[in-house]
Amino acid sequence: MQEIIVERAGGESVLRRAHVGVVGSGNLEVLCEPPSTGGARIVVHTTVDGFEPIWRATLERFLANRPIAADFEINDFGATPATVTLRLEQVVELVLEPER
């Protein structure tokens, strides 16, 4: 199992936790919670070794488009970059939407 960590300073802080997705073949789960630092911290646990450059490019692109301060944990089981981006967008939508 490989662990990849990407961090970036600044951004809008999330105020609550959220969870999307499942750990299953070709999928992943994303956990999001308020930041422990002043920016974004994404920790990826993946069963697929050798794709760190692709992970970093995908996560850096996401953070460039969505300046957010939050701690993310991604548990991956072979998801594509498109699925990673989709799940990140889904979890951010949940943590930024107004409470009902």
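The preceding data block contains the structure.
Residues numbered from 1 in each chain as written. Predicted model: local features only at pLDDT ≥ 70, side-chain atom pairs only at ≥ 80, totals over all residues. Heavy atoms only, no water.

1. Here we look at the overall build of the chain
Point 1. Along its length, the chain carries 2 helices and 7 strands.
Point 2. Along its sequence from the N terminus, the chain presents helices and strands in the succession β-β-β-β-β-α-β-β-α.
Point 3. In terms of C-alpha radius of gyration, the chain reaches 13 Å, essentially the compact-globule figure of 13 Å for 100 residues.
Point 4. Counting only C-alpha atoms, the chain reaches 35 × 25 × 20 Å along its principal axes.
Point 5. When each of the 100 residues of the chain is scored for burial, the buried share is 41%.
Point 6. Within the chain, residue pairs in contact and separated by at least 24 positions form 79% of the contacts whose partners lie at least 6 positions apart.
Point 7. Between the averaged position of the 9 positive side-chain charges in the chain and that of its 15 negative side-chain charges there is a distance of 4 Å. (Helix = DSSP H or I, 4+ residues; strand = E, 2+ residues; numbered from the N terminus. Rg over C-alpha atoms; globule rule 2.2 N^0.38 Å. Buried < 20%, exposed > 50% of the residue type's maximum accessible area, 1.4 Å probe, protein only. Contact = heavy atoms within 4.5 Å. Lys, Arg positive; Asp, Glu negative; His and termini not counted. Charge placed at Lys NZ, Arg CZ, Asp CG, Glu CD.)

2. Here's the deal with the environment of F51
Point 1. Along the chain, F51 falls in the loop between β5 (39–46) and α1 (52–65).
Point 2. With 49 residues separating them along the chain, F51 and Q2 place their C-alpha atoms 9.4 Å apart.

3. Comments concerning the sheet that holds strand β7 (residues 71–77)
Point 1. Taken in spatial order, the 5 strands make up an open sheet running β1-β5-β7-β4-β3, and their pairing is mixed. Each edge of the open sheet carries a strand with a single partner, namely β1 (2–9) and β3 (18–21). Across the sheet, the mean angle from the axis of one strand to that of its neighbour is 10°, orientation sign disregarded.
Point 2. In this sheet, strand β4 (residues 27–33) lies alongside β3 in antiparallel orientation, the contact comprising 4 bridges. Within β4, the position partnered with V20 by the bridge is V30.
Point 3. Together, β1, β4, β5 and β7 form the strand contacts of α1, whose direction differs from that of β1 by roughly 25°. (Pairing = 2+ DSSP bridges. Axes fitted to C-alpha atoms, helices over the stretch in contact; angles between N-to-C directions.)

4. Some points on the packing of α1 against helix α2 (residues 81–96)
Point 1. As a packed pair, α1 and α2 sit with axes 10 Å apart at the nearest point and diverge in direction by 35°. In this structure, α1 meets α2 at a crossing whose hand is right-handed. Residues I54, W55, T58, L59 and F62 of α1 pack against P81, V84, T85, L88, E89 and V92 of α2. (Left-handed = near helix turned anticlockwise from the far one by under 90°.)

Keep in mind these numbers describe shape, not what the thing actually does.
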